Amino acid sequence: MSSDTNVCAAEVVLGFLEEAEPWRLRSPQFPSKVGGKPAWLSQTGLPSLPGLECETCRLPMAFLLQVYAPISGQDRSFHRSLFLFCCKTSECYAHNDSRCMRVFRNQLPRRNEFYPYDPPPEDEPLSDPAPDQSVLPVSGVKLCWVCGCPGNKGCSRCHTVTYCGKHHQTLHWKQTHKQECGSQEVSVVTTSTLLFPESELVTEPEEEGKEDDTKEVEGEEEVGSAQRGVDCPSLADTLAETDLEEMAMCETQDNKVFQRFKKKIAQEPHQVLRYSRGGSPVWVSSQHIPSDQDIPPCTCGAKRAFELQVMPQLLNSLCVDSTGASIDWGTLAIYTCSASCSHDDQYCQEFIWKQDFSPDQHTQIKHS
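Summary of the structure given here. (Residues numbered from 1 in each chain as written. Predicted model: local features only at pLDDT ≥ 70, side-chain atom pairs only at ≥ 80, totals over all residues. Heavy atoms only, no water.)

A few points about the state of the cysteines
A full pass over the atoms with the stated rule returns zero disulfides. With no disulfide partner, Cys144 has as its closest neighbouring cysteine sulfur the one in Cys147, 3.8 Å distant. (Disulfide = S-S within 2.5 Å.)

What follows is the structure, given as structure tokens:
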């Protein structure tokens with residue numbers, strides 16, 4: 001998000017993917033983007049390797065996206081970004097299980113040691129050599145060649161590249177480094193196959209739809225549910241009346257929520273992100289919705305509040321489809337410290353909630 005997109009609690013800002021020149025996606029431009037390597041905000045206090053590991057398989061996660069989301073009127077959050085990482089092992093994506101993902105918040109005051117006080121220019125710099133992606137320029141923090149995260153493990157043979165750990169060193173060795181190690185020739189391969197395709201996230205305010213339309217959909221669902229009950233007398237004969245009532249109520253409520261979700265995204269079908277700090281997410285199901293007790297407070301003691309959600313449409317651009325299991329989600333809701341507390345430029349872990357589609361909903365999506 002650009003710095004002029006600070007939103008009030010009631011406003012929703014939608015995110016869309018666009019191609020962009022590489023220079024626009026670098027740290028000095030304060031980008032919002034999907035894929036590639038992280039464009040780190042602060043150059044110190046980066047997440048540690050254990051903090052970037054999947055809790056299920058313990059392998060390093062891949063950078064998914066970042067959102068530039070400064071808070072107007074709060075100097076410590078003049079520059080502020082959220083960074084989302086996810087595992088690329090499809091087997092780790094258990095139903096409604098968020099352990100394969102991590103989200104971090106980082107912020108800086110306007111006057112800081114890494115960026116000029118004035119906003120960056122809108123036009124491409126006249127002299128813009130490709131930056132050294134192996135090290136952060138001011139702090140000198142070394143970065144992994146594969147993922148762009150902190151990495152001090154160097155190749156023992158050529159000492160020219162560093163990695164976050166053995167796993168990514170092995171990946172690079174198999175991809176190209178085995179042929180290049182010790183060679184004087186410049187590699188033509190500059191990015192890892194681990195990375196997601198890179199795009200800019202551009203935003204625009206959501207136009208409010210008609211509330212009556214949503215009510216119409218809900219009404220249609222209730223009628224549909226009643227008709228289905230009439231068509232299946234044998235089911236009523238085999239279940240106790242109370243069980244049947246509970247089942248119908250659950251189905252009706254789940255359909256209501258799902259139809260509301262479909263109606264909401266139909267207005268802008270290409271949205272991949274919804275931002276509304278202090279607002280509410282649009283759930284895909286009535287099941288597995290977090291209660292206040294499910295969302296832990298920040299380490300500073302403040303409550304966490306909803307800030308943004310990642311939509312399932314983003315999966316279409318990540319090139320993760322496969323014939324078997326695949327990276328998947330219904331929606332990813334991110335909750336952050338309501339005070340946006342300061343941790344001396346450290347990257348603070350925030351809270352993410354993964355809600356998945358039910359098998360029936362997957363079927364509806366495929367046929368819609």
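What about helix α1 (residues 166–180)?
The end-to-end C-alpha distance of α1 is 18 Å, clearly below the 21 Å that 15 residues give at a rise of 1.5 Å each. Where α1 bends most, the angle comes to about 70 degrees, and this point is Lys174. Regarding α1, the residues found buried are His168, Gln169, His172, Thr176 and His177. Buried positions along α1 lie against β6 (153–154) and β7 (162–163). Immediately downstream of α1, the backbone of Gly182 shows phi near 85 degrees, a positive value. (Helix = DSSP H or I, 4+ residues; strand = E, 2+ residues; numbered from the N terminus. Expected span 1.5 Å × (residues − 1). Bend = angle between axes of the 7 residues up to and from the residue. Buried < 20%, exposed > 50% of the residue type's maximum accessible area, 1.4 Å probe, protein only. Contact = heavy atoms within 4.5 Å.)

Some thoughts on the environment of Cys155
Within the element layout of this structure, Cys155 appears in the loop between β6 and β7. Residue classification places Cys155 among the buried residues on the basis of a relative accessible area of 4%. With 18 residues separating them in the primary sequence, Cys155 and Trp173 have C-alpha atoms 9.6 Å apart.

Considerations on the nonpolar core
Trp40, Leu64, Leu84, Phe85, Leu314, Leu318 and Trp329 are the most contacted members of the largest nonpolar core, which totals 62 residues. Ranked by residue count, the leading element in this core is strand β3 (residues 62–68), at six residues. Those residues in contact with Trp40, other than ones at most four positions away along the chain, are Ser27, Leu46, Pro47, Phe83, Phe85, Tyr115, Leu136, Leu143, Gly148, Cys149, Pro150 and Tyr347. (Core = buried A, V, L, I, M, F, W, Y, C linked by side-chain atoms within 4.5 Å.)

The values are spatial; any link to function lies outside them.
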